[in-house]
Amino acid sequence: MTQIQDQPVPGKTVKASVAQRLGRPSMLSMLLRDKFATVAAVILGFVLLTAAFGPSLMGELATKQDLMFMNKAPFDPANGWAYILGSDSLGRSMLARMVVATQTTLLVAVPAVLVALVLGSLWGVWAGYHRGRRENISMRLADIIMSFPSLLLAVVVLFVFSPSAANIVLILAITRIPIYMRTARAESAELQSRTFVDAARTFGTKPNSIIVRHVIPVVTPTLLTLATLEFCFVMLAESSLSFLGIGIQPPDVSWGLMVAQGRQYLQTAWWLSILPGLAIVITAVAANVLAAWMRIATDPAQRWRLTLDKQTKKDLTAVIKDAK
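These lines cover the structure that appears in this document, whether it is placed above or below. (Residues numbered from 1 in each chain as written. Predicted model: local features only at pLDDT ≥ 70, side-chain atom pairs only at ≥ 80, totals over all residues. Heavy atoms only, no water.)

**Some remarks on the overall build of the protein chain**
(1) Moving on: In terms of regular secondary structure, the protein chain is built from twelve helices and zero strands.
(2) Moving on: Secondary structure elements of the protein chain occur, N-terminal to C-terminal, as α-α-α-α-α-α-α-α-α-α-α-α.
(3) Moving on: Put simply, the protein chain has 324 residues, and 43% of those count as buried.
(4) Moving on: Sequence-distant contacts in the protein chain: of pairs separated by 6 or more residues, those separated by 24 or more amount to 70%. (Helix = DSSP H or I, 4+ residues; strand = E, 2+ residues; numbered from the N terminus. Buried < 20%, exposed > 50% of the residue type's maximum accessible area, 1.4 Å probe, protein only. Contact = heavy atoms within 4.5 Å.)

**Looking at the environment of D34**
(1) Moving on: Here D34 lies in the loop between α2 (27-33) and α3 (35-63).
(2) Moving on: Looking at D34, the relative accessible area reads 22%, which means it is partly exposed.
(3) Moving on: C-alpha of D34 to C-alpha of W293: the two residues are 259 residues apart in sequence and 8.1 Å apart in space.
(4) Moving on: Reaching out from D34, the side chain makes a polar contact with the backbone nitrogen of F36 at a distance of 3.2 Å. (Polar contact = N/O pair within 3.5 Å; in protein donor to acceptor, adjacent residues only side chain to side chain.)

**Observations concerning helix α9 (residues 207-244)**
(1) Moving on: Here α9 is 38 residues long, yet its end C-alpha atoms lie only 47 Å apart, well below the 56 Å a rise of 1.5 Å per residue gives.
(2) Moving on: Directly beyond the C-terminal end of α9, a positive phi value near 95 degrees is found at G245. (Expected span 1.5 Å × (residues − 1).)

**Let's talk about the nonpolar core**
(1) Moving on: L172 and W293 are the most contacted members of the largest nonpolar core, which totals 78 residues.
(2) Moving on: Among the elements that take part in this core, helix α4 (residues 94-130) stands out by supplying 15 residues, more than any other.
(3) Moving on: Contacts of L172, omitting those with residues within four sequence positions, involve V108, A112, V234, A237 and E238. (Core = buried A, V, L, I, M, F, W, Y, C linked by side-chain atoms within 4.5 Å.)

**A short note on the packing of α9 against helix α10 (residues 255-262)**
(1) Moving on: Close contact between α9 and α10 brings their axes to 7 Å; oriented N to C, the two are set at 35 degrees. α9 and α10 meet at a crossing whose hand is right-handed. Here α9 contributes M235, S239, S242 and F243 to the contact with α10, which in turn contributes W255, G256, L257, V259 and A260.
(2) Moving on: Partitioning the contact of α9 with α10 into residue classes produces six nonpolar, three polar and no charged. (Axes fitted to C-alpha atoms, helices over the stretch in contact; angles between N-to-C directions. Left-handed = near helix turned anticlockwise from the far one by under 90°. Nonpolar A, V, L, I, M, F, W, Y, C, P; charged D, E, K, R; others polar.)

**Here we look at the environment of L107**
(1) Moving on: Among the secondary structure elements, L107 is positioned in helix α4.
(2) Moving on: The sequence separation of L107 and A166 amounts to 59 residues, and the corresponding C-alpha distance is 9.6 Å.

Written out as structure tokens, the structure is:
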């Protein structure tokens, strides 16, 4: 490849020239170029596989009690692989309980995010494209929902009704719909005046067809990035509700509930709360890192940053500075 510093063109032209020569790289190749995003994707993939297949392999061990084996310290090979993360106050395997808790936590977080994503995005795109009274009414409803702190609203609703996984999913999804609605509305309203949308409208394409074929594909990357970030919030919200005692209820178990149950043993058995707490933190950080990568990877104006090696990036940055 010709050295970038030999091209006497402005910074934006340099970016376009580099992107044109490199072509459009695959998402996998861009992911592998970013070490932090790759590690984050591996962690999230491991969490998903654990939630999908772990409980069927270790479900019985998670409920098996052995009072002669209670509060065993973690990382002791003498206890066997099943107790490599120690045991709780009833002698149950911490490893098995964390595996089962992974599935419970994701069964709350993932459906809540998907429901809010689908409903909020479609509603926001519809309101942003048609504008007028439909947009005003939709935005005022979103403002009303967002005026209440989502976690506080969840606490009130779950205190009045029975705290179950279904109710947690429902209330968390409702409180997060306005986030997607406002984002989709802004993107859709901006796209309404674009040339390709005007051309489709001129040729008599129906509004619903324009939304499906031209608007939704453009706003989808932004909404998926937002959903990745919202996954962190919903997961932490579920953990907070379980910690307060109005989330997941025994005999079910989630990461947040494990933190709550182990807090009274912090001085004698720290692993009962610390290990599930670390699982929450690591998963949330991995999701945030992957969301940051997705924001760049799905943006045509920024994607080139993920396709260049370090030396080329330095050369390109120098040329842009000189051009300015």
